Structure formats: C-alpha cells, structure tokens
Amino acid sequence: MDHLHVNDVSLVGRITAEPLCKPLPSGAELVQWRMFVKRPPEKWHGLTTGDSVPCISFDPTFHELVAGWRRGDLVEVRGALRRRVWRTPEGAMASRYDVEVSDVGLMVPRAAPERTSASPGRP
C-alpha cells in the first residue's frame, strides 16, 4: 500500500532572535532566526503557552528578504521540517531540527516605541 508523506510547515509568529548569516565549513551560507509561535489555549501545558522555533535557509535570496527583520516583528514562514547533522569541533555527532524555509513574509513590523519628550515644559 502506498502512503502519502507530507512535510509542510506553515507558521505565523513573532521574531525572538534576529536573522543571522553564518558561513558553514562546506562553503555554504546559512541564514537563521528564531520565532515564537503561540499554542491554542487548550494545548497549553502548565505555563508553556507557545514554542520557540528555529528557522533556516540556505537560499542566498533569503538573506536580503529577512535582513531587516527585528525582534517583535510578526512574520509568516512556510517550509519543511529538517534534521541537520554535523560533527562538533571535538568530533562528536550533533543534530537539531529546524524549519527549512521556502517562503517568508513580514506581516506586521514591531511597533516603534513611543517617544517621550526629554525637555521640561514640552508636552
């Protein structure tokens, strides 16, 4: 029997770690960021109200697309769950899961902080 396999991730959440470009030993360049996604209230476990999700892309066009994102921006990402495996400098194997992003969008930039007047007597 043939089974359908689907690895399709769609998230909307707030940026918690701004995008960072990182060169890899292979010569490829990775852009990575982290976002917080709320869980529905019925899925909360104790005080855990959401999840911190690491996102990555190896596509150089994403470097420019996400370069202006800041903590607190509301963004949408689409992609697939990937497990990356590498050797640490000590030679041990390490791995982690990320969302490898294929499409992104800035939905709502973080609100700029309100300015207050520093001069006495000015409203």
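Located above this text is the structure these notes cover.
Notes on the structure follow. Small disclaimer: the values here were computed from a predicted structure and weren't measured. (Residues numbered from 1 in each chain as written. Predicted model: local features only at pLDDT ≥ 70, side-chain atom pairs only at ≥ 80, totals over all residues. Heavy atoms only, no water.)

### Side note on the environment of Pro 23
Structurally, the position occupied by Pro 23 is in strand β1 (residues 9-23). When sequence neighbours within four positions are dropped, the list of residues in contact with Pro 23 reads Ala 28 and Glu 29. (Helix = DSSP H or I, 4+ residues; strand = E, 2+ residues; numbered from the N terminus. Contact = heavy atoms within 4.5 Å.)

### Topic: the layout of surface pockets
The calculated volume of the largest pocket comes to roughly 210 Å³. Lining the largest pocket are Lys 22, Pro 23, Leu 24, Pro 25, Gln 32, Phe 58, Arg 84, Val 85, Trp 86 and Arg 96. Looking at the lining of the largest pocket, the elements that each hand over two or more residues are β1 and β4 (74-87). Broken down by element, the lining of the largest pocket gets its largest block of residues, three residues, from β4. Its residues assigned to classes, the lining of the largest pocket shows six nonpolar, one polar and three charged. (1 Å grid on protein atoms, 1.4 Å probe; cavity = no way out; pocket = protein on both sides within 12 Å on 5 of 7 lines; lining within 4 Å. Points joined across faces, edges and corners; volume = space filled by probe spheres on them. Nonpolar A, V, L, I, M, F, W, Y, C, P; charged D, E, K, R; others polar.)

### A short note on the sheet that holds β1
Within the closed barrel, the five strands sit side by side as β1-β2-β3-β5-β4. Their pairing is mixed. Ignoring strand direction, the axes of neighbouring strands in this sheet form an average angle of 40°. (Pairing = 2+ DSSP bridges. Axes fitted to C-alpha atoms, helices over the stretch in contact; angles between N-to-C directions.)

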